[in-house]
Structures are given as C-alpha cells and as structure tokens.
Amino acid sequence: MKLPKVCQILGEYVAFDFEWDNTTHIMLAASFVNNLGSKKVYLNSHSEIALLENIKAELLEYSWSIGWNSNTSFENNNNGGTSNGGNLNDIANDNFIADDVQCDLGVLYERCETNGIDNIIFKSQKGSRAYYSIPGLYHIDLYQVYNKQMVQNTIYNRAYRTHKLDDVSKALLRHGKFKGLGGKDFLKLSIKDRKKYSLRDSELVMELSKHSNFEVLDAMLAISEITGLDFERVCRTNLTTWWGVLFDQMIQNGECPEPFNTFDRESVKYKGALVLDPKQGLYHNTVVVDAASLYPTVSIHSNLSFDTVNCKCCKNNSRAKVKLNDTFFKGCKFISKNKCWICQKREGAFPKKLKIFRHERLQQKKLGNGAKQLALKILINGGYGVFGHTKFSYYNPMVAELVTTYGRYTLTKMQDIAKKLGFHIIYGDTDSLFLNNPPSKITLSKFQKLCKEKLDIENEEKNTYNTLILSAGKKHYIGYENGLVAIVGYEGKKNDRCEFVKETFNGLINSIIKNNTNPIPALEKAMYTLESGKVDPKLLKKSIRLGQNPKDYKSQTCQAAKIGRAVGAKKGELVEYFDSNIKKTGRSWSKNYRHIDISKYKQSLWNSVSEVLEITKYPVNELAEKFDVRTIKRKNNNDGHVMQNLPAV
DNA sequence: TATAACTGCTTACC
DNA sequence: ACTGGTAAGCAGTTATG
C-alpha cells in the first residue's frame, strides 16, 4: 500500500482527548493514541497536578497532535447549566460565565495557571474567541476539518448530521463513543470504564484522521500545496481564504489587477438557478441529462471574474456588452442589460485559474492521485460561491449573478434544443433536464452534439429511469433504475421526520415502484398500529438540529428556540422530542412518550405518502377518510399533460 | 371562531 | 471565521372575513 502523503508530513503523531469537570474544569482524565497503535490513559486519582504533568509530557513527545474541538473556544454562551434562564436577560444572570473554556487545550491552559505550574499552552484572543496552541509544536483540530462544508458535502455527501464526535464516528466508522455515553456520565463510571471511555474518544479521533486512507487530511495537504498555505492553516480555514490567497498571488505576480469594483457588504441575495415546473406524473423510460460542471464552464466561456466585469477599459466597447435577452435579467439584483460589460482585452483571474485547475485535475486523475484530484474538485466547485460571500476579500455579487444568469441561459437553450429534437421535457433543475420517452438513442446523442456545438457544453446521461414518479413540487422525485430506487427530496426521507414515518414511507415506495405490490395493506397496518399505541416510542422520536443558541434566535417563539431553551441545548446540537397535543399537555412537544399525540403522526405519515398514492392512482380521498386524516391541497403544474401508464421497459 | 397569509426555521437539491 | 441560491413543509403568529 502506498504511504499516504500526509504521513510523510506528520510522521509519528498522536490523537488525544481530555475529560474535565463541567463546572469546576478540574481535569479528570486524558488519553493518548498514536498512529502506530500505542495507547495511554491517565486518571486524576490523587492529584490533578500529577495528571497535568503527564499530559504535558505526552504532548511534548510528538511534533504533531490531533484533537477534536481541541484548540478553539467558540461561544461564550454557557449559562451555568441552569434552565431557569436561557432568555435574553442571560447576560445579566450571575450564572453566566463570560469566559467559559470549552476546548481541551484551553482547559489544560487554565488548569496549569490555576495550579500555578508551568504552562506549555499559549493563549491568544480574537474577538469573542480564544485560540490555544502549543508553541513549537503542530496541532490539528480535526473537528474543524470535519466541520467544513465542503468536507461534509463534497467528500462525505452529508453522511453526518451534527459535528459531534459520536455522530461523525457513527456515520463514518460505524461505531461511536463508549456505550454511547456523554461527558456528563463520566464520573458515574467505574475506574475501569472511565479509562475505556476516555480512550475511546482518542481512538475515534485517530481512526477518523486515517479514514479512507487519509482521504480528508490528504486532500487538505493537497490544498496546502496548491495554495501555498501551510497545512495547519488549511485545516482551520475554508474556501474564501483559499481562493483569497490564490488571487492575492496572481496580483503579486502581475497576472491580474487589483479589484476595482466595490460593493456594500450587506449580503443582498442575488438571483440564482432556474428550476423548471415539474409535470406531475408516473413515467416510464425517462433520461436525465446533466450539463457537466455548469458554473465553472460558463465562468470560463464568458470570462467572468472580479477583474473582468465592468472593467475600466471596455466600458464603451459594444462587443463587451452582455448579449443576453432581457428576460434573463428579470429579478436580478446586481446586473442589468445595459449596466454591465465584460473585458475583451484580458482573460480574468478566475477563469484563468479554473482552466489550469481543470486541466490539472484531469492529469491527476490519470495519475491516480485521488487527493490532489479531490482538492482541485473542491476548489473548482466552490469557486463561484465565494464571489457571493460578503466576507470574501474579492466579493463581487455581479460576478456571482452573471454566473447564475449564464447558467439559466444555458439551461433554457438546452430546452430549446431538446424540444426541437422532439423530446418531452418534464422537469429540470439548474443544470439538468428530465426527458421523457426520448425518440431514440440517436436523437439523444444528437442532443449532446448540438449542445456541444451551439453552447460548448458537455451533456452527460446521468440516469435512465425505467420508472419515475414526479411530484408536482420541485426537487421531489422517485426514480427506479437497474433495481435501485432513488428517492430524492421527499419529506418522508428527511432527517427531521421520525423513524416510523421514514420506514413506512420507504416500504410503500419499494412496494409500488420495485416490487409492484399493493402498498395499501401495509399502510393500513401502519395506521392501525399507530392508533393502537403499539409503536415503539423510539420510532416516534423526532429531532431538530439547533442552528443557533436558543437565546440567539430571531424568533424566540419558533419550535427550535423553545425546545432548545427548555432542554438547555446549544447551537449545533440535536434535540429529540415527541409530538404532543398542546391542548392536553400545554405544549406541542414533549420529552415524555406518554404525551405522544398519535393523530399528528398519522397526519405526518399521510402527508408524506399521499401524493405518491395519488400519482399511482390509488383512491386518496377514500383512504384519507378511512384513516381520519386531512387531505392536503397541492398545486398542479400539469398544464393539461396527460399522465402516462406505459408498461415498464 | 376559522382560515389565509406571512415569517422563521430546518432540511434537502443543485 | 464563515462558498451560493431554490424550494418544500412545519410551527407559530397576525391579518381578515
């Protein structure tokens, strides 16, 4: 096996985890696992100082260490664990700890100071955040790496829902923390189990660092090579920083001018992608075509960049004007037909880099360099978005809006081409078209050829669905291809629904689309089981992930704020609850399974399955009456389109 | 008192 | 320190007949 590149940099390195008392911060335990397999645990059995000395000695053994949530204290929001407050007056609350330290290195720093012993940790403060480092040594907070949006989306395809070690480990390693326990339970454990608990955390961090043959860290290292930023910095920064230094370098090298347009940084939304109205129905033989990397492509074709849009030199050049029909500017916030132009004299910094990255990515793919390939993919795909980010030093919403506008133009032209060839377009989203009953394989390749000729766009045949259930609502469909069912967007699949609804929904879909069996008996059984109260409450548990700390919600009355406040949860945490009846219990939610409001669950189940039943011609009104649930009104985009019921091919 | 319209939020798609 | 917009459904509030 080829040694991962990251190992050549890190050499022998250690993952660590500390346990401390939540209120006093007294250090209770620490564990260390190195990449060669050596494992150590220290407990605070007689003296905290002895433990602290052991920790320091271990850390100094290695030039590189890795932790989880280890070097940054993010939010100073601890309300002392009391749940009486949690409101906007918390600042004045005596229980509020202004400088609560919430990371491993921070607690180590604090405990060394408190005990009056030598410190190996350095503290720096930036705004409301404190950063801790070990001078002379390198440290990576793996939490910050797995917290990156592009790692979650591009690499792991949203496999984990929260960024807690337990959640990420369960999703990627298939096992989590010791007996699923949390830090609060630590002191309740026996000495033996305390050791196991602490050690497990370090083991998980080490395993995550190595996951998929160092996939993530190798990609970060590749980004470090591409951008010239050091590895540690790449691990704690994101796309705006990376693209920022790339452009900085180009300016320094004289490859492009400094940005000349300035914008208010008020974060006004700009117009985005085109999503076609789906023609609701059941289809057989549908091809989905997809324009390959649409946004980078249009950025290159139209030379869109911070240094080309509304340049100094081409204002009066008629060739520089954006030659798009008026309709494409409708609803735009930053561009209009007569107020923007694109430089004709110089290639923009952004397309220039994109071209290089694209070419390089192909080369690296051929060479089998997965990490470099992935790093380039991350940079290429994330390049357009940073122009719409107000904190990006090259923020330029005109560039972002031109990219999406050319994207809308391209999808519209693709539709024209498809229509002329006799295709029936039933849906499309941003860069894709759903073509029903393509006349033939030959017309399909004709479509691809014309898109290439007229638009210089490569179209890939992404899916060929034998059966397709297309919802009237956008971003919702179910496709069946080669024995595989793809459920896209449906509420019955979303993570804030309970397991019971998700399972029943899944069963129903499989029964209809895959097994060709009558789904109604199973649905009746599910409804009956719900009514009889025999469903395991575990399966009825709902959950929401807090986007804010409860006190920070703009709407203090929204469900997330209310539940979060009541249970003392923090930003990023998952809160579990049951739906209950507000008239009976005073709340629409409850932690107590005895308060479960079955009618809400029946309605939720019905809402997620009813449209599919309607499309597949089951008697929905009759069933709704039978189950005692409300039917829901849905818009219909059919435009007189006749639903098809052709046999599957 | 009932319902529609609206806002805020989470989750998903691209 | 932080890539983007589009869109669905739900809880909860406010306007309206």
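Nothing here was measured: the structure is a model prediction, and the numbers come from that model.

Colleague: Give a detailed account of the overall build of chain A, specifying residues and quantitative values.
Modeller: Looking only at helices and strands, chain A has 20 helices and 17 strands in total. Against the compact-globule benchmark of 26 Å for 649 residues, chain A has a radius of gyration of 28 Å, which places it among compact chains. The principal-axis extents of the C-alpha atoms in chain A amount to approximately 80 × 75 × 55 Å. Within chain A, the fraction of its 649 residues that count as buried is 50%. In chain A, the proportion of contacts linking residues at least 24 apart, taken out of those at least 6 apart, comes to 67%. With an accessible surface of roughly 31500 Å², chain A has 48% of that area assigned to carbon and sulfur atoms. Charged side chains in chain A number 94 positive and 69 negative. The centres of these two groups are separated by 6 Å.

Colleague: Would you mind going over the domain arrangement of chain A in detail, with residue names and values included?
Modeller: Here the domain parsing of chain A yields domain 1 (6-146 + 157-204), domain 2 (281-470) and domain 3 (517-627). Distance between the C-alpha centres of domain 1 and domain 3: 36 Å.

Colleague: With reference to specific residues and values, describe the packing of aromatic side chains.
Modeller: All chains considered together, the criterion is met by 34 aromatic pairs. Relative to F231, the ring of W64 lies with its centre 5.7 Å away and its plane at 50 degrees, an arrangement referred to as tilted. Of this pair, W64 sits in strand β4 (residues 64-67) while F231 is found in helix α8 (residues 231-236), placing the two residues 167 residues apart along the sequence. Here W64 and F231 have matching classes, each one buried. Here the aromatic cluster, defined as three or more aromatic residues joined through ring pairs, consists of W243, F247, F306, F350, F357, F387, F392 and Y394.

Colleague: Talk me through the nonpolar core; I want residue IDs and the actual numbers.
Modeller: Ranked by internal contacts, the top residues of the largest apolar core, which has 105 residues, are Y146, F231, W242, W243, F247, L433 and F447. For this core, the element with the highest residue contribution is helix α7 (residues 191-227), accounting for 14 residues. Counting contributing residues, this core receives three or more from each of domain 1 (6-146 + 157-204) and domain 2 (281-470). Residues in contact with F247, not counting those within four places in the same chain, are F306, A349, F350, F387, F392 and Y394.

Colleague: So what's going on with the pairing of strand β13 (residues 477-481)? Residues and values would help.
Modeller: Burial of β13 is extensive: five of the five residues sit out of reach of the surface. In the sheet, strand β12 (residues 459-470) pairs with β13 via four bridges, with the strands oriented antiparallel. Within β13, the residue paired with I469 across the bridge is I478. Linkage of β12 to β13, two consecutive antiparallel strands, is achieved through a turn of six residues, within which K475 is found at a positive phi near 60 degrees. Bridge count for β13 against strand β14 (residues 484-488) is five bridges, and the pairing is antiparallel. Bridged to Y477 within β14 is V488.

Colleague: Lay out the packing of helix α6 (residues 165-173) against α7 in plain terms, naming residues and giving numbers.
Modeller: Packing of α6 against α7 leaves a shortest axis separation of 10 Å and a crossing angle of 50 degrees. Accordingly, the angle class assigned to the pair α6 and α7 is oblique. Judged by the twist between their axes, the crossing of α6 over α7 is left-handed. Across from L165, V168, S169, L172 and L173 in α6, the residues of α7 making contact are D201, L204, V205, E207, L208 and H211.

Colleague: Describe the protein's contact with DNA strand B, with residues and values.
Modeller: Taken together, 23 residues surround DNA strand B, and among them R161, D431, N495, G547 and Y553 come closest. When the atoms of DNA strand B within 4 Å of the protein are sorted by group, sugar and phosphate make up 95%. Between Y553 and DNA strand B, the recorded distance is 2.3 Å, taken from a side-chain N or O atom to a phosphate oxygen. K554 places a polar main-chain atom, nitrogen or oxygen, 3.1 Å from a phosphate oxygen of DNA strand B. Among the residues forming the surface near DNA strand B, the class breakdown is seven nonpolar, five polar and eleven charged.

Colleague: I'd like a rundown of helix α16 (residues 520-532), residues and numbers included.
Modeller: Look at α16: 18 Å from first C-alpha to last across 13 residues, which is about the 18 Å you get at 1.5 Å a residue. The complete set of buried residues in α16 reads I520, L523, A526, M527 and L530. One side of α16 holds all its buried residues, which, seen down the axis, span an arc of 125 degrees. Exposed and oriented more than 90 degrees from the buried face of α16 are A522, K525 and Y528. Tucked into the core, α16 has its buried residues touching α15 (499-514), α19 (598-615) and α20 (620-627). Phi turns positive one or two residues past the end of α16, at G533, with a value near 75 degrees.

Colleague: Can you lay out the pattern of salt bridges for me, pointing to particular residues and giving the numbers?
Modeller: Tallying each qualifying case throughout the model produces 30 salt bridges. Two residues, E573 and K164, come together in a salt bridge whose shortest N-O distance is 3.4 Å. One end of the pair, E573, is in the loop between α17 (559-567) and β16 (574-579); the other, K164, is in the loop between α5 (149-155) and α6, with 409 residues separating them in the sequence. Where E347 meets K355, a salt bridge forms, and the shortest distance between an N and an O atom there is 2.9 Å. You can call K355 partly exposed: its relative accessible area is 45%. Members of the salt-bridge network, linked through shared partners, are K5, E225 and K372.

Colleague: Explain helix α9 (residues 239-252) to me, using residue names and the numbers behind them.
Modeller: In a regular helix each residue adds 1.5 Å, so 14 residues correspond to 20 Å; α9 covers 20 Å between its end C-alpha atoms and thus fits that length. Every buried residue belonging to α9 is among L239, W242, W243, G244, V245, L246, F247, M250 and I251, and all of these are buried. Those residues of α9 that are buried lie in contact with α5, α7, α8, α11 (349-367) and α12 (370-386). Positive backbone phi, approximately 75 degrees, marks G254, located one or two places after α9.

Colleague: How would you sum up the sheet that holds β12? Please name residues and give values.
Modeller: On the basis of which strands lie adjacent, the open sheet formed by six strands has the order β10-β11-β9-β12-β13-β14 and antiparallel pairing. Only two strands of the sheet have a single partner each, and these edge strands are β10 (424-429) and β14. Within this sheet the neighbouring strands show an average axis-to-axis angle of 35 degrees, counted without direction. Strands β9 (281-291), β10, β11 (432-436) and β12 of the sheet are contacted by helix α13 (residues 397-420), whose axis makes an angle of about 20 degrees with β11. The strands touched by α15 within the sheet are β12, β13 and β14, with β14 carrying the most contacts at an inclination of about 130 degrees.

Colleague: Can you lay out the protein's contact with DNA strand C for me, pointing to particular residues and giving the numbers?
Modeller: Neighbouring residues of DNA strand C: 36 residues in total, closest Q149, N238, G272, H389 and K474. Put simply, 82% of the atoms of DNA strand C that lie within 4 Å of the protein are in sugar or phosphate. In this structure, G272 approaches DNA strand C through a main-chain N or O atom, which is 2.8 Å from a sugar or linking oxygen. Contact distances for DNA strand C include 3.1 Å between a phosphate oxygen and a side-chain N or O atom of N607. Mapped onto the surface near DNA strand C, the elements with two or more residues apiece are β7 (129-133), α5, α9, α12 and α17. Residues of the surface near DNA strand C, tallied by class, amount to seven nonpolar, 15 polar and 14 charged.

Thresholds applied
Residues numbered from 1 in each chain as written. Chains lettered and ligands numbered in written order. Predicted model: local features only at pLDDT ≥ 70, side-chain atom pairs only at ≥ 80, totals over all residues. Heavy atoms only, no water. Helix = DSSP H or I, 4+ residues; strand = E, 2+ residues; numbered from the N terminus. Rg over C-alpha atoms; globule rule 2.2 N^0.38 Å. Buried < 20%, exposed > 50% of the residue type's maximum accessible area, 1.4 Å probe, protein only. Contact = heavy atoms within 4.5 Å. Areas by Shrake-Rupley, 256 points an atom, 1.4 Å probe, with all protein chains shown as cover. Lys, Arg positive; Asp, Glu negative; His and termini not counted. Charge placed at Lys NZ, Arg CZ, Asp CG, Glu CD. Domains from an automatic or database assignment. Phe/Tyr/Trp six-rings, centres within 6.5 Å; stacked < 30°, edge-to-face > 60°. Core = buried A, V, L, I, M, F, W, Y, C linked by side-chain atoms within 4.5 Å. Pairing = 2+ DSSP bridges. Axes fitted to C-alpha atoms, helices over the stretch in contact; angles between N-to-C directions. Parallel < 35°, antiparallel > 145°, perpendicular 65-115°, else oblique. Left-handed = near helix turned anticlockwise from the far one by under 90°. Near = heavy atom within 4 Å. Polar contact = N/O pair within 3.5 Å; in protein donor to acceptor, adjacent residues only side chain to side chain. Nonpolar A, V, L, I, M, F, W, Y, C, P; charged D, E, K, R; others polar. Expected span 1.5 Å × (residues − 1). Arc of directions from axis to C-beta. Salt bridge = Lys/Arg side-chain N within 4 Å of Asp/Glu carboxyl O.

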